[in-house]
Amino acid sequence: MEIAKTYNPREAEAKWYPHWLQNKFFKSTPDDRKPYTIVIPPPNVTGVLHMGHMLNNTIQDVLIRRARMLGYNACWVPGTDHASIATEAKVVALLKEKGINKKDLSREDFLKHAWDWKEKYGGIILEQLKKLGASCDWDRTKFTMDESLSDAVTDVFIDLFKKGYIYRGVRMVNWDPQGLTAVSDEEVIYKEKDSQLVYINYKIDGEDGFVTIATTRPETIMADTAVCVNPTDERYTHLKGKKVIIPLINKAVPIIFDEYVDANFGTGALKVTPAHDINDFNLGQKHKLPTIDGLTQDGKISEAAQIYVGMDRFACRKQIIKDLQEQGYVLKTETIKNKVGHSERTDAVIEPRLSMQWFLKMSEVSKPALEAVLNGDIKLIPEKFINTYKHWMENVHDWCISRQLWWGQRIPAWYAAADLNDGTGIQIFMAKTQEEANEKFKEYYKSKGYSDELIDKFFQKKDHVFQDEDVLDTWFSSWLWPLTVFDADIVKKGWDKANADLKYYYPTNDLVTAPEILFFWVARMIIAGKEYTGLKPFSNVYLTGIVRDKLGRKMSKSLGNSPDPLELIEKYGADGVRVGMLLCSPAGNDLMFDESYCEQGRNFANKVWNAFRLIKGFEVAVAASPSKSSEAAITWFQNKLSEQLEIINDHYSKYRMSDALMATYKLVWDDFCAWYLEAIKPEFVDGKALPIDKVTYDATINFLEQLLKIMHPWMPFITEEIWHLLEQRTEEDCIIVAKWPKIGAIDKKQLSTFEVAKELIAQVRNVRAQKQISPKEKLEVFEKSEATHSYFDDTVIKLANLSGYNYTKVKVEGAFAFQIKTTEFFIPLANNINVDEERARLQKELSYNKGFLESVMKKLSNEKFVANAKPEILEAENKKKTDAESKINTIEEQLRAL
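As a starting point, this report considers the structure included with it. (Residues numbered from 1 in each chain as written. Predicted model: local features only at pLDDT ≥ 70, side-chain atom pairs only at ≥ 80, totals over all residues. Heavy atoms only, no water.)

1. Some points on the overall build of the protein
To keep things clear, this is the line we draw: In this description a helix means any DSSP run of H or I spanning at least four residues, a strand means any run of E spanning at least two, and both kinds are numbered starting from the N terminus. Two things to know: the radius of gyration comes from C-alpha atoms, and the globule rule equals 2.2 Å times the number of residues to the power 0.38. Buried residues are those whose accessible area, probed at 1.4 Å on protein chains only, stays under 20% of the maximum for their type, while exposed residues exceed 50% and partly exposed ones sit between those limits. Two residues form a contact once any of their heavy atoms are found within 4.5 Å. The Shrake-Rupley method, run with a 1.4 Å probe, gives the accessible areas here. Residue values count only the displayed protein chains as cover.
If you tally the helices and strands in the protein, you get 28 helices and 33 strands. Relative to the 2.2 N^0.38 estimate, which gives 29 Å for 898 residues, the radius of gyration of the protein is 37 Å and therefore markedly larger than a compact globule would have. Each principal axis of the C-alpha atoms in the protein carries an extent, and together these give about 115 × 70 × 50 Å. Burial analysis of the protein (898 residues in total) assigns 53% to the buried set. Of the contacts formed within the protein by residues at least 6 apart in sequence, a portion of 76% connects residues at least 24 apart. Accessible surface for the protein amounts to roughly 42,100 Å². Of this, 49% is attributable to carbon and sulfur atoms.

2. Things to note about the nonpolar core
This is how the line gets drawn: The set of buried Ala, Val, Leu, Ile, Met, Phe, Trp, Tyr and Cys residues whose side-chain atoms join them within 4.5 Å is what this entry labels a nonpolar core.
Core analysis: the biggest nonpolar cluster contains 190 residues, and Tyr 389, Phe 476, Trp 479, Phe 672 and Tyr 676 have the highest contact counts within it. Here this core gets 14 residues from one element, more than from any other, and that element is helix H21 (residues 657-680). Beyond its immediate chain neighbours, meaning those up to four positions away, Tyr 676 contacts Ala 633, Ile 634, Trp 636, Phe 637, Asp 671, Thr 696, Ala 699, Thr 700 and Phe 703. One finds Ile 213, Val 227, Ile 246 and Ile 249 within the second-largest nonpolar core, a separate group that totals 30 residues.

3. Observations concerning unusual backbone geometry
In this structure, Pro 382 follows Ile 381 across a cis peptide bond, with omega equal to 0 degrees. Checked against the element boundaries, Pro 382 lands in the loop between strand E15 (379-381) and helix H10 (385-394). With omega at 0 degrees, the peptide bond leading from Tyr 506 into Pro 507 counts as cis. Within the secondary structure layout, Pro 507 lies in the loop between helix H16 (500-505) and strand E22 (508-513). Notably, Lys 24 is not glycine yet its phi reads approximately 55 degrees, a positive angle. Even without glycine at this site, Leu 180 takes up a positive phi of about 55 degrees. By secondary structure assignment, the location of Leu 180 is in the loop between strand E5 (166-176) and strand E6 (181-183).

4. Quick look at the pattern of salt bridges
Side chains carrying opposite charge are able to pair once their charged atoms draw close together. For the record, the criterion: Any carboxyl oxygen of Asp or Glu within 4 Å of a side-chain nitrogen of Lys or Arg constitutes a salt bridge here.
A full pass over the atoms with the stated rule returns 60 salt bridges. When the shortest N-O distance is used, the salt bridge between Glu 570 and Arg 10 registers 3.0 Å. Pair noted here: Glu 570 is in helix H18 (residues 565-582) and Arg 10 is in helix H1 (residues 9-22), with a separation of 560 residues, a long-range link. Salt-bridge contacts for Asp 671 lead to Lys 758; the nearest nitrogen and oxygen are separated by 4.0 Å. Of this pair, Asp 671 sits in helix H21 while Lys 758 sits in helix H24 (residues 748-771), and the two are 87 residues apart along the sequence. The buried category is assigned to Asp 671, whose relative accessible area is 7%. Classification of Lys 758 by relative accessible area gives buried; the value is 13%. Each of Arg 217, Glu 219, Arg 313, Arg 317 and Glu 351 takes part in salt bridges that share partners, so that together they form one network.

5. Thoughts on the sheet that holds strand E20 (residues 466-467)
Counted only if it meets this: Here, strands pair whenever DSSP counts at least two bridges between them.
In space, the three strands of this open sheet follow the order E19-E18-E20, with antiparallel pairing throughout. A single partner strand is all that each edge strand has here, and the edge strands are strand E19 (426-430) and E20. Where strand E18 (residues 413-417) lies against E20, two bridges are found, and the strand directions are antiparallel. Note on E20: the bridge partner recorded for Trp 414 is Gln 467.

6. Observations concerning the packing of aromatic side chains
Defined as follows: For Phe, Tyr and Trp, rings pair up if their centres lie within 6.5 Å, where Trp contributes its six-membered ring, and each pair is then called stacked (planes under 30 degrees apart), edge-to-face (over 60) or tilted (otherwise). By definition here, charges over rings are those cases where NZ of Lys or CZ of Arg is within 6 Å of the ring centre and within 35 degrees of the ring normal.
Per the counting criterion, the structure on display carries 53 aromatic pairs. Judged by centre distance (5.3 Å) and plane angle (40 degrees), the ring pair of Phe 637 and Tyr 676 falls under tilted. You can see Phe 637 sitting in helix H20 (residues 628-653) and its partner Tyr 676 sitting in helix H21, a full 39 residues away along the chain. Members of the aromatic cluster, each reached through a chain of ring pairs, are Trp 636, Phe 637, Phe 672, Trp 675, Tyr 676, Phe 703, Phe 754, Tyr 791 and Phe 792. The positively charged end of Arg 353 is found above the aromatic ring belonging to Trp 175, 5.6 Å away from the centroid. Here the guanidinium or amino end of Arg 524 rests over the ring plane of Trp 399, the centre of that ring lying 3.8 Å away.

7. Observations concerning the pairing of E5
Looking down a regular strand, the side chains alternate between one sheet face and the other. Most of E5 is tucked away, with eight of its eleven residues classed as buried. Bridge analysis of E5 against E6 gives three bridges, and the strand direction is antiparallel. Within E6, the residue paired with Trp 175 across the bridge is Ala 182.

8. Some remarks on helix H9 (residues 367-374)
Spelled out, the test is: Arc definition: directions from the helix axis to the C-beta atoms.
Inspection of H9 places Ala 369, Leu 370, Ala 372 and Val 373 among the buried residues, and these make up the whole buried set. End-on, the buried residues of H9 take up no more than an arc of 160 degrees, which puts them together on one face. Where H9 is buried, its residues contact E15, H10 and helix H17 (518-533). Phi turns positive one or two residues past the end of H9, at Gly 376, with a value near 85 degrees.

9. Let's talk about the sheet that holds E22
Note the following rule: Geometry is summarised by axes, namely lines fitted to C-alpha atoms with helices restricted to the contacting stretch, and by angles between N-to-C directions that run from 0 to 180 degrees.
If you trace the three strands from one edge of the open sheet to the other, you get E15-E23-E22, paired in parallel fashion. Each edge of the open sheet carries a strand with a single partner, namely E15 and E22. On average, adjacent strands in this sheet sit at an angle of 20 degrees to one another, irrespective of strand direction.

10. Digging into the state of the cysteines
Test applied: What counts as a disulfide here is a pair of cysteine sulfur atoms lying within 2.5 Å.
Summed over all chains, the structure comprises zero disulfides. Just so you know, Cys 75 is unpaired, no disulfide at all, and the nearest cysteine sulfur is the one on Cys 136, 9.5 Å from it.

11. Digging into the environment of Leu 760
Structurally, the position occupied by Leu 760 is in helix H24. By relative accessible area, Leu 760 is classed as buried at 2%. It is 9.1 Å that separates the C-alpha atoms of Leu 760 and Gln 819, two residues lying 59 residues apart in sequence. Once residues lying within four places of it in the same chain are set aside, the contact partners of Leu 760 are Val 781, Val 796, Tyr 805, Phe 818, Ile 820 and Phe 825.

12. Some details on empty space enclosed by the protein
Rules: Detection works on a 1 Å grid of protein atoms alone, calling trapped sets that fit a 1.4 Å probe cavities and calling open sets with protein on both sides within 12 Å along at least five of seven lines pockets, with lining residues defined by an atom within 4 Å of a point. Grid points are joined across faces, edges and corners, and a volume is the space filled by probe spheres set on the points. Side-chain classes are defined by residue name, with Ala, Val, Leu, Ile, Met, Phe, Trp, Tyr, Cys and Pro counting as nonpolar, Asp, Glu, Lys and Arg as charged, and the others, Gly among them, as polar.
Inspection of the entire model under this criterion finds four cavities of 30 Å³ or more. In this model, the largest cavity occupies a volume close to 60 Å³. Ala 83, Ser 84, Ile 85, Ala 86, Glu 187, Arg 345, Arg 403, Asp 473, Thr 474 and Trp 475 are the residues that line the largest cavity. Within the lining of the largest cavity, the residues separate by chemical class into four nonpolar, two polar and four charged. Approximately 50 Å³ is the volume attributed to the second largest cavity. The wall of the second largest cavity is formed by Trp 175, His 276, Asp 293, Leu 295, Thr 296, Gly 299, Glu 351, Pro 352 and Arg 353.

13. Section: the packing of helix H3 (residues 84-97) against helix H4 (residues 107-121)
Our working definition: In this scheme, roughly parallel covers angles under 35 degrees and roughly antiparallel covers those over 145, while 65 to 115 is roughly perpendicular and the rest are oblique.
Packing of H3 against H4 brings their axes to within 10 Å, and their N-to-C directions diverge by 100 degrees. Between H3 and H4, the angle is such that the two are roughly perpendicular. Note on element contacts: H4 touches H3 through Phe 110, His 113, Ala 114 and Trp 117, opposite Thr 87, Glu 88, Lys 90, Val 91, Val 92, Leu 94 and Leu 95. Residues belonging to the contact of H3 with H4 are distributed by class as follows: seven nonpolar, two polar and two charged.

14. Describing the pairing of strand E9 (residues 226-229)
The alternating pattern of E9 places Ala 226 and Cys 228 on one face and Val 227 and Val 229 on the opposite face, and all of these are buried. Sheet analysis places E9 next to strand E12 (residues 269-272), joined by four bridges and oriented antiparallel. Within the sheet, the bridge partner assigned to Cys 228 lies in E12 and is Leu 270. Taken together, the three bridges between E9 and strand E11 (residues 251-257) define a ladder with parallel strand orientation.

Next up, the structure:
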């Protein structure tokens with residue numbers, strides 16, 4: 001069979017991914033093997049593949065492929081998240097392009113458009129993951145709004161409400177004026193901005209004086225209901241019982257006194273706007289102040305503000321500063337840097353807003369989740385995130401779980417009049433359907449003594465019982481992900497009656513995700529897992545870093561610094577990109593991505609392909625015996641393979657993914673290609689390669705097969721391609737399901753001996769380069785030793801191109817000398833070099849080294865330097881001294897020899 005000169009990744013990828021699917025190698029069903037399970041962090045259904053996905057899913061695929069080869073029943077569950085805010089925004093924008101306003105649609109009509117959009121575009125990212133080689137069990141693909149998963153979310157809400165963990169109330173929430181919904185504290189991203197701090201004079205009512213307040217939000221002064229000062233602040237004690245006049249609207253508000261205000265900060269006087277700041281709200285509650293909402297839901301000035309009504313909040317900010325200045329109310333302005341909250345989803349500036357919302361009490365339910373991490377039952381990798389996790393969980397706030405959207409799981413709360421006689425009051429019941437809600441209300445009204453006739457009359461009215469308009473936070477569905485992808489009825493049934501899938505696959509093994517959703521998602525999954533099974537949802541959480549460009553900037557569309565992953569795959573092949581992504585991605589640390597890494601990955605694939613072509617190109621002599629050089633190389637590489645496999649396995653066990661890849665890379669590129677293949681490669685005679693003996697050839701094929709297995713998790717396509725080109729195999733005999741190599745015996749002494757041999761070969765090659773001696777010109781080496789032979793002598797002779805390797809008990813006069821560890825070596829060069837030129841070169845090198853030694857000695861003789869230098873610096877300087885002295889001795893020896 002003719003082997004292509006160059007590896008074609010496109011052909012291999014197009015061939016082997018469908019083959020794996022067809023043979024159901026990704027499929028997993030419970031059996032008697034030990035399971036290894038990963039659930040994918042479900043990407044947003046709106047999403048397309050970006051560099052973060054590439055990193056995250058490559059790591060997952062490496063772990064799942066290796067587990068499959070280790071004999072586990074490997075199950076990687078894929079799926080997508082319905083992403084309430086992002087998806088609704090996409091659909092609203094799409095409708096707007098068609099001239100349709102969401103406000104003109106009924107909820108049902110809007111959801112029909114949303115589902116149509118999801119069916120058309122929702123699976124794009126999963127198809128893109130296949131290009132990467134992701135070996136997910138696609139038959140298990142889930143969507144967080146699948147009917148069964150949505151039912152589970154509803155069940156959880158009702159269950160937690162019954163347990164007293166969920167409540168409804170008016171609270172200050174983070175309001176997204178663009179998404180028109182509340183968002184949780186964790187969904188607020190704080191960015192440092194330049195802001196104008198405006199010092200405004202509020203006239204004291206009935207007096208000539210002023211109280212000066214400083215604010216970055218002058219557009220909210222119309223909603224002020226007080227000015228607060230510290231009771232110990234002597235500047236203001238005379239103002240007890242007084243009022244100040246809010247500029248522009250000439251409204252009098254009281255001066256209140258509270259220790260909350262820091263007298264030493266700013267002017268010591270604080271404008272109190274209860275509707276627009278959580279601390280002001282708390283002050284307002286304490287001092288029984290009215291609350292005036294000066295902004296509409298979409299961030300415009302409300303009618304309650306009296307002036308600037310309908311103006312955008314930021315436009316109003318500019319205008320009101322100008323108007324205040326013109327009327328003489330502004331004392332001064334300063335530009336300051338402050339942190340401003342932005343919505344994670346829409347990037348709109350967040351407004352604190354009083355709103356009726358649903359909340360989940362977190363203080364009790366979060367305790368088992370904190371304990372699971374602190375006691376090591378769940379490991380965070382790297383461990384540096386444990387303290388971050390601990391701090392957040394010990395200071396957790398109640399979770400605002402309602403969102404003012406239509407796309408998502410609708411809150412199963414139903415409302416109707418509490419009093420049937422006059423239709424007043426509100427009664428709430430939890431129910432999954434209208435019918436169930438009706439029955440609960442009927443029972444309630446009967447228990448209150450209402451007649452059947454009155455109850456029947458009430459239920460004849462339209463919309464007599466109506467459901468809450470809000471949907472649940474997206475994270476309220478995805479926190480159930482490791483449970484509901486296997487058994488969506490777990491909440492209703494309980495762990496004892498869980499189905500076979502959940503009992504087998506849960507808890508899952510590893511979760512690979514980003515640190516920024518450690519609290520959004522990871523902590524909440526642990527809470528849900530503990531609440532509904534008593535078990536952890538996973539054992540290990542591998543936290544990736546952020547993918548940044550080589551300048552350290554986070555990759556983003558707006559900066560234009562994020563390459564298209566599919567274009568990278570097209571250019572470098574999936575294997576090249578996978579290797580490139582993971583060569584530089586230590587757990588928890590940011591990845592400084594450069595396209596050259598993918599080029600390095602492609603070059604590695606080409607190196608492997610060329611090594612394979614070289615081996616398959618050997619002519620095999622069946623009757624021939626292996627040379628001593630080949631025998632020694634085979635024995636050495638067998639040991640080296642086991643030694644490095646032990647190291648690679650250790651890296652995997654500690655989730656040092658980049659280290660495991662680099663060890664694999666060096667084993668293949670350096671040890672196998674640069675040393676082993678060169679040692680066993682047949683000699684060329686008259687331009688033609690001699691045949692290779694069968695023993696060496698078979699050993700080499702075996703080594704290549706073991707290496708392909710070790711490479712497979714990182715480079716699935718090229719390894720499968722070469723696996724099938726090595727010999728005729730059945731359709732099922734694929735490397736994806738081959739057994740992971742076993743570690744053999746390791747002769748450390750022999751490995752150490754070969755390291756000396758490698759150094760010797762490198763020294764001989766350096767001598768050739770220095771003395772400008774042709775690689776084809778044979779040299780002779782003498783080792784000063786009591787020995788008469790070493791196991792690797794023939795290997796050295798071959799790789800260093802020597803005419804002989806000799807042992808001597810005395811120094812060889814007139815020869816180039818060097819030392820490896822404690823052993824001296826000599827290369828006679830009288831016939832190979834120009835003595836005068838060599839003497840001049842050595843004299844120059846000697847002069848440089850003596851000058852260098854002198855500079856080091858000056859440092860070491862300086863008592864002040866020695867007294868103040870750190871131990872490691874002193875150690876480094878002493879090493880420089882020793883090395884320089886050794887080099888000088890060697891050069892002087894070489895000059896004497898000349």
